[in-house]
Amino acid sequence: MELNKENMKKIRWLIAFSVLLYLGVQNLDVVLKREYQIGWLSNIEAGGGTSDRWLARLFALRFTPQSRLSVYANANNTHENRKPGSSGEWSPSEIGNGISTTESGGIDYLVDDKRRRWRVEGNLNASHSDTDVDTRQSQEHFQNAGNTFTRSRQSGDYRSTNVSTDHHFQFNLGPENNMHALELHFRPNFSFSNSRNLNDWLSAEFSANPYELENWESLFQGTGADEVLTSILVNKVRSRQSSNATDVKGGMNMDAQFDIPHTSNLGLFSAGVSGGHYKAHSFDLYQMDNSQTSDFRHRYLNEPADHLQANASLGIITPFDAQWKWVATTTLSYQYTHDSKENSLYRLDWLEDMADAGLETLPSTREALLEALDAANSYLTENDRHQTTLTFDGRYDNDIRRNNTRYARFRFTWKLGLTWHTELWDYTGQALRHNRRTAWLPQAGLQILRNTPGMKHELELQTAYRQQLPSMFSLMGLRFDSDPLNIQEGNTGLRRTDVFSSVFFYRSRGWLSKHGRNLSATVRMNAYRNAVATAQTYDAATGVRNFRPQNVNGNWDMQASGTFYTPLGHKGFSMNLSLQDNFYHSVDLTGTDALTPVRSTVCTNYLSLPVRVDYSRQKVRVGLKGQVAWNHAGSTRPDFQDINAADFNVGINGHVTLPWDVQLATDFTYFARRGYANGDMNTDDLVWNAQLSKSIVKGRLTFALVGYDILGQLSNITYSVNSQGSVETWRNVIPRYGMVRVIFRFNKQPKKKP
């Protein structure tokens, strides 16, 4: 077991903290004093293993009929950063990105009044993580005069600290016979986060696919680079970056529901306020080389921001019959939003005495720093938005009941709304701008729900329409070149976007549930008129891209999914079959060498078909699983080569009770990837995890031996494609390890009343 002194100290500290926390919780009595009404549940776990892996965590729960208090603490370097469930169970860790060390803890509480006059619940959570990430990407950029290819690598250390707390206070203030006649809800919240990152970045763009040429990173070693690799090189970038950011947010929301005297109407009132302050700065040492120039930049960016939002709404629900079949709701709401931001970019390489300065070095005086201000890429913005919305909702709900049980249902809901949007925009930078715009923004929605007789099937259709405005920043039409390879421009002629959406749900109810089966399906579709796309002009000689937002038509997408579960006979077998298909019709504009960008349409499809068969009987649980995921991209462009990439996996998992009541849990999965442009991504991997455990002292003490990625072949590869290109990404993961864990569980149920 490879445990160094530092890790052992962490484990001992957490165990000591856990014990003290556990003992402290035992002395808490939130509401009730009588011993027979109090129950306890807790578990403490510690483990250490090879590859310097370690883990320690605690969960303790105290509960009564009117209260619940739980605490948890978790520290590990196995990429486990989640909270336990309400009963103390810890979900299996996910693969994650990078190799991280995490410490987290928190408290959850709930207190109920016996008379149900009030209810209080909330939580406080804190965490710290330190993650080492190594990311490699292969990109193909779709260009109308021949595609280009980029290889990049980023490695860095990412540290973050987060604290958050949320609470909910509910009060029922109506008379004794109708306490909900006046119902108040208060929801305060607060969060704090701080991050500090340090990373190194290498990238190179090529005019031809370099997949047969190894070691593209040799281009940054000065000599020894492959001549063919050099001949197809368009540009290369080396960058070292550091950043530090702090984000503080807080707010309060209040909701009230009340009966309106002398009517059958119901009133709704809500109000809220939230705000935040964001402070961030970053440094980078940037070196870019292409056929025409060598560009070195030492940059410092300071970008604080403030946010404030306040809202209020008043609604009246009016029933038109005693059964509330016909109901209308009228709502008037108002929202004010204020955002201010500073974006100050300093070119420290412009100062003679900063020529050899380190990454995070600043000039000694404020005056010297101001001399390095990149005025063309620095600005201050102030944005105030006022939105007043009036909505009319209607509902017809025919609930047919037989023998006091719902037999069938038909519900029809519609919504009409209109928003008066007023916006003020102040910009100080390349120019002084004071802009104002006003707009009417309509919205509409429709919902139809049908439960067939006997509640055998449920069908639901939802449709909606809304409009969204382009950002005021984009409408200024200014040009920013802080990134010499990616020039950003605005567009004063942008129009608003119309968004049409619809979704259809199907759920089997009584039709299959009596046989223990379940079937569900969902189909979603979104269509856009005057969508804001990114027009791109590419310089083939230097690799410089100019981006400009522009309205286009033809963007739409559709997603379909379905699940089916059924037992197989009466022998303990069951099957779970799923389908997920996402289709995107993406339209952008591309051009090469100053040509006017032309329409580029790419259709992409992601299809996933997982299936699982499980067997459970007495002391044996076994499962077979398989999945096929297919990624396809095609286009009518004559120079476009279709993309077909597929991921397959098949495996088995099981849980078996061995002699002497030893528990064996294991899973074995074969992963295969095909069709990736980068040959390194086309892999075959076998991943095997296993755990042996033995419980003693009536199940209170458990010893476990865990093997994670026993064969050492686990990898994390993702793939994405849109109208501008495709991206294949590889990320590092935790290396294989073995671990010994010790778990102590304590469960004390409330005593029965005498």
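Remember, predicted model here, so these are calculated numbers, not experimental data.

*Asks:* Break down the overall build of the protein chain for me, citing the residues and quoting the values.
*Replies:* When helices and strands are tallied, the protein chain shows 5 helices and 33 strands. Computed over C-alpha atoms, the radius of gyration of the protein chain comes to 30 Å, within 12% of the 27 Å expected from 2.2 N^0.38 for 754 residues, which places it in the range of a compact globule. With the principal axes as the frame, the protein chain shows a C-alpha extent of 90 × 70 × 60 Å. When the 754 residues of the protein chain are sorted by exposure, 41% land in the buried category. Summarising the internal contacts of the protein chain: among those between residues at least 6 apart in sequence, 65% fall at separations of at least 24. Element-wise, carbon and sulfur atoms account for 56% of the exposed surface of the protein chain, whose accessible area totals about 39000 Å². Charged side chains of the protein chain number 80 positive and 77 negative; the gap between the two group centres comes to 14 Å.

*Asks:* Give a description of the side chain of E458 that names residues and reports values.
*Replies:* With respect to the secondary-structure elements, E458 resides in strand 16 (residues 457-468). E458 sits in the buried class, given a relative accessible area of 10%. Looking at E458, its side chain comes within polar contact range of the side chain of N451, at 3.0 Å. Engagement of the side chain of E458 in a polar contact is seen with the side chain of R507, the distance being 2.4 Å. Other than its neighbours up to four places away in sequence, E458 contacts L449, R450, N451, F505, Y506, R507 and R509.

*Asks:* So, the pairing of strand 10 (residues 294-302): which residues are in play, and what are the values?
*Replies:* Where strand 9 (residues 266-290) and strand 10 come together, 9 bridges link them in antiparallel fashion. The residue bridging M288 from the neighbouring strand is D295, located in strand 10. In textbook terms, the turn of a hairpin is the stretch between consecutive antiparallel strands, and for strand 9 and strand 10 this stretch comprises 3 residues. As defined by bridge partners, strand 10 adjoins strand 12 (residues 326-347) across 4 bridges and the pair is classed as antiparallel. Bridge pairing links L301 to L345 in strand 12.

*Asks:* I'd like a rundown of the environment of P735, residues and numbers included.
*Replies:* Relative to the helices and strands, P735 resides in the loop between strand 32 (725-731) and strand 33 (737-748). Look past the residues within four positions of P735 in its chain and what remains in contact with it is I99 and Y708.

*Asks:* Describe a nonpolar patch on the surface, naming the residues involved and giving the relevant values.
*Replies:* On the surface, L658, L692, I696, V697, F703, L705, V740 and V742 cluster together into a nonpolar patch covering about 610 Å² of accessible area. Along the polypeptide, L705 turns up in strand 30 (residues 701-708).

*Asks:* Give a description of unusual backbone geometry that names residues and reports values.
*Replies:* With a phi angle near 55°, S51 is a residue other than glycine that sits in the positive phi range. The residue S51 is located in the loop between strand 1 (39-49) and strand 2 (54-64) in this model. At N403, a residue that is not glycine, the phi angle is positive and equals roughly 55°. Among the secondary structure elements, N403 is positioned in the loop between strand 13 (379-402) and strand 14 (405-428). Judged by relative accessible area, N403 falls into the exposed class, the value being 79%.

*Asks:* Residues and numbers for the environment of E183, please.
*Replies:* Inspection of the secondary structure puts E183 in strand 7 (residues 182-206). Given the relative accessible area of 11%, E183 is considered buried. When the C-alpha atoms of E183 and L173 are compared, they prove to be 6.1 Å apart, with 10 residues separating the residues in sequence. With residues up to four places along the chain from it excluded, the contact list for E183 reads Q170, F171, N172, D255, A256 and Q257.

*Asks:* I'd like a description of the pairing of strand 18 (residues 486-489), backed by residues and values.
*Replies:* Successive side chains on a regular strand alternate, one facing one side of the sheet and the next facing the other. Pairing analysis gives 2 bridges linking strand 17 (residues 479-480) to strand 18, with the strands arranged antiparallel. In the sheet register, F480 faces strand 18, and the bridge partner there is Q488. In this structure, the hairpin formed by strand 17 and strand 18 is closed by a connection of 5 residues. Taken together, the 3 bridges between strand 18 and strand 22 (residues 545-552) define a ladder with parallel strand orientation. Opposite N486, over in strand 22, you have R545 as the bridge partner.

*Asks:* Describe empty space enclosed by the protein, listing the residues and the values that go with them.
*Replies:* By the definition in use, this model includes 1 cavity of 30 Å³ or more. Taken as a whole, the largest cavity encloses approximately 50 Å³ of empty space. Within the residue set of the lining of the largest cavity, elements represented by two or more residues are strand 5 (118-141), strand 6 (148-172) and strand 32. Top element by residues in the lining of the largest cavity is strand 5. It accounts for 3 residues. Its residues assigned to classes, the lining of the largest cavity shows 2 nonpolar, 4 polar and 3 charged.

*Asks:* Help me get a handle on the side chain of S574, residues and values and all.
*Replies:* Mapped onto the fold, S574 is located in strand 24 (residues 573-592). Not counting residues within four places of it along the chain, the set of residues in contact with S574 comprises Y565, T566, P567, L568, R612, V613 and D614.

*Asks:* Could you give an account of the pattern of salt bridges, with specific residues and numbers?
*Replies:* Tallying each qualifying case throughout the model produces 31 salt bridges. We note a salt bridge from D397 to R409, for which the minimum N-O separation is 2.7 Å. One end of the pair, D397, is in strand 13; the other, R409, is in strand 14, and 12 residues separate them in sequence. Each member of the pair, D397 as well as R409, is classed as buried.

*Asks:* Give a detailed account of the nonpolar core, specifying residues and quantitative values.
*Replies:* F142, V602, A633, F640, I643, A645, Y676, M681, I717, Y719 and V721 form the largest nonpolar core, which has 11 residues in total. Where this core is concerned, the elements lending two or more residues are strand 27 (643-658) and strand 31 (716-722). For this core, the element with the most residues is strand 31, which contributes 3 residues. Not counting residues within four places of it along the chain, the set of residues in contact with A645 comprises A629, W630, N631, R674, G675 and Y676.

*Asks:* If you had to explain the packing of aromatic side chains to someone new, which residues and values would you point to?
*Replies:* This model, assessed by the stated rule, comprises 18 aromatic pairs. Look at W326 and Y396: their rings are 4.5 Å apart centre to centre, the planes differ by 45°, and that puts the pair in the tilted class. One end of the pair, W326, is in strand 12; the other, Y396, is in strand 13, with 70 residues separating them in the sequence. Seen in terms of ring centroids, W425 and F473 are 6.3 Å apart; in terms of plane orientation they differ by 85°. Their pairing is edge-to-face. Taken together, the positions of W425 in strand 14 and F473 in helix 4 (residues 472-475) put the pair 48 residues apart, joining distant regions of the chain. Here the aromatic cluster, defined as three or more aromatic residues joined through ring pairs, consists of Y379, W425, Y427, F473 and F480. A cation over a ring is seen here: R136 above W730, with NZ or CZ 4.6 Å from the ring centre. A cation over a ring is seen here: K236 above F220, with NZ or CZ 5.6 Å from the ring centre.

*Asks:* If you had to explain the confidence of the model for the protein chain to someone new, which residues and values would you point to?
*Replies:* Residues of the protein chain with pLDDT of at least 70 account for 92%, and the chain-wide mean is 89. In this model, residues 14-34 is a region of pLDDT below 50 whose contacts with residues beyond four sequence positions or in other chains number 35 contacts. Low pLDDT, under 50, characterises residues 86-91; the stretch is placed with 20 contacts to residues that sit more than four places away or in other chains.

*Asks:* Residue-level account of the environment of Q66, with values.
*Replies:* Looking at the element boundaries, Q66 is found in the loop between strand 2 and strand 3 (67-76). Accessibility expressed as a relative area gives 17% for Q66, which makes it buried. Taking C-alpha positions, Q66 is 6.6 Å from D113, a pair spaced 47 residues apart along the chain.

Basis of the calculations
- Residues numbered from 1 in each chain as written.
- Predicted model: local features only at pLDDT ≥ 70, side-chain atom pairs only at ≥ 80, totals over all residues.
- Heavy atoms only, no water.
- Helix = DSSP H or I, 4+ residues; strand = E, 2+ residues; numbered from the N terminus.
- Rg over C-alpha atoms; globule rule 2.2 N^0.38 Å.
- Buried < 20%, exposed > 50% of the residue type's maximum accessible area, 1.4 Å probe, protein only.
- Contact = heavy atoms within 4.5 Å.
- Areas by Shrake-Rupley, 256 points an atom, 1.4 Å probe, with all protein chains shown as cover.
- Lys, Arg positive; Asp, Glu negative; His and termini not counted.
- Charge placed at Lys NZ, Arg CZ, Asp CG, Glu CD.
- Polar contact = N/O pair within 3.5 Å; in protein donor to acceptor, adjacent residues only side chain to side chain.
- Pairing = 2+ DSSP bridges.
- Patch = residues over 30% accessible without salt bridge, like charges linked within 9 Å, V, L, I, M, F, W, Y side chains within 5 Å.
- Salt bridge = Lys/Arg side-chain N within 4 Å of Asp/Glu carboxyl O.
- 1 Å grid on protein atoms, 1.4 Å probe; cavity = no way out; pocket = protein on both sides within 12 Å on 5 of 7 lines; lining within 4 Å.
- Points joined across faces, edges and corners; volume = space filled by probe spheres on them.
- Nonpolar A, V, L, I, M, F, W, Y, C, P; charged D, E, K, R; others polar.
- Core = buried A, V, L, I, M, F, W, Y, C linked by side-chain atoms within 4.5 Å.
- Phe/Tyr/Trp six-rings, centres within 6.5 Å; stacked < 30°, edge-to-face > 60°.
- Lys NZ or Arg CZ within 6 Å of the ring centre and 35° of its normal.
- pLDDT = per-residue confidence, 0-100.

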